[in-house]
Amino acid sequence: MDLVTTLTALSAAPGPAGAEGHAAALAVELLTPYMEEVYTDALGNVIGRRPNRNPEAKKVLVEAHLDEVGFVVTGQKSGFLTLAPLGSVDPRHLPGARLQVLTTPSQTGVVACMPPHVLSKSAMDEVPKIEDLALDIGLNEDEAKKIPLGTPVVFDTVPMTMGDGLFSGKSLDNRASMAAVLLALSRLPKALDIDLTVLFSTQEELGLRGVQPGLFALEPDICVTLDVTFGHVPDAKPEQTVTFGGGAAIGIGPVLNRDLTSRLVSLAKAHSIPYQMEVLSGKSSTTADMGQVSRHGVATALISLPLRYMHSATELVTLADIEAVASLLTAFLGGADHA
């Protein structure tokens, strides 16, 4: 599997929370070569199964969320579209941003903004509210009224490599983790001692919704969740971030199983895989939180990928960190001890 090619396709695919269809179709296509069965459920979750004929085999679930932050059309004014957010979006990023309206065919627009020449100093210091912004897609008022209310909208960003081993694009939260899962699957032997399921879950950005019925229905013994976390930038406190380019971030905290966490650390050391610890004093605010409370409880571990500029139009990861996450997941799934 070519990591950059896969990551480019995943990043470009539109799939905001609650409207993941395009991204889900791509996920089915990419997952199919590595699994015996791939299907979607009522919530739009993409599920891949690679069963083990041994009834005593541990049921291991690998989970990463599929959706991205975005917007939804709420109306129009004077030919401009009004929007509401799907997930947590910082409105400071929006004036002048290019967005893609997911009509058929899709349409590109720009969030309207006033030039600084005509703004007062106080106006320039104000943070706009998303509901006060307007999206210009070059339509007159009658044409804009034909855009259906509820039409989803995503950032319109061209994914690309940059710098020394970096990759930028939209929706790398959490498509970069999906790429790591696919890379790990491509490296696994055909014969495994586990019963393996992959779940690419929906609507994480709207409250971890898709993973809950997914976990309940699949009833795994063990769950390994992959998500992104905050890569360090100059204005961030070190204790709030992990090292960007520092390898896989292994979560440790009360919602995570300490035995699984310890096993991941041991594997990283044994295979010389770059890793770092991420201390989570309460909930992880990822889909890993749902494992603890699904049915009778699922032993869950969390591997996170350092990412910069989360929930913006241009997120940033390192290819080396994706490789580290994929290598750690490969070592875990290919190992013989999953007790």
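Please refer to the structure higher up on the page.
The model shown is predicted, which means the values in this text are computed figures rather than measured ones.

**Student:** Explanation requested: the sheet that holds strand β11 (residues 166-169) in the structure shown.
**Tutor:** By way of backbone hydrogen bonds, the strands of a sheet pair with one another, either parallel or antiparallel. Across the sheet, 3 strands lie side by side as β10-β11-β17; this open sheet has antiparallel pairing. Each edge of the open sheet carries a strand with a single partner, namely β10 (160-162) and β17 (315-318). Each adjacent strand pair in this sheet contributes to an overall mean axis angle of 30 degrees, direction not counted. Judged from the 4 bridges that link them, β11 and β17 form a sheet pairing that is antiparallel. Bridged to S168 within β17 is L316. Strands β10 and β11 of the sheet are contacted by helix α1 (residues 3-12), whose axis makes an angle of about 20 degrees with β11. Running at roughly 60 degrees to β17, helix α8 (residues 319-334) makes contact with β11 and β17 of the sheet.

**Student:** Explanation requested: the packing of aromatic side chains in the structure shown.
**Tutor:** Think of a pair of aromatic rings as described by two things: how far the centres are apart, and how the planes are tilted against each other in angle. On inspection of all chains with the given rule, the structure shows 1 aromatic pair. Centre to centre, the rings of F71 and F155 are 5.6 Å apart; their planes meet at 85 degrees, and the pair counts as edge-to-face. Pair noted here: F71 is in strand β4 (residues 70-77) and F155 is in strand β9 (residues 152-155), with a separation of 84 residues, a long-range link. Assigned by exposure class, F71 and F155 land together as buried.

About the cut-offs
Residues numbered from 1 in each chain as written. Predicted model: local features only at pLDDT ≥ 70, side-chain atom pairs only at ≥ 80, totals over all residues. Heavy atoms only, no water. Pairing = 2+ DSSP bridges. Helix = DSSP H or I, 4+ residues; strand = E, 2+ residues; numbered from the N terminus. Axes fitted to C-alpha atoms, helices over the stretch in contact; angles between N-to-C directions. Contact = heavy atoms within 4.5 Å. Phe/Tyr/Trp six-rings, centres within 6.5 Å; stacked < 30°, edge-to-face > 60°. Buried < 20%, exposed > 50% of the residue type's maximum accessible area, 1.4 Å probe, protein only.

Purely geometric stuff here, so don't read any function into it on its own.
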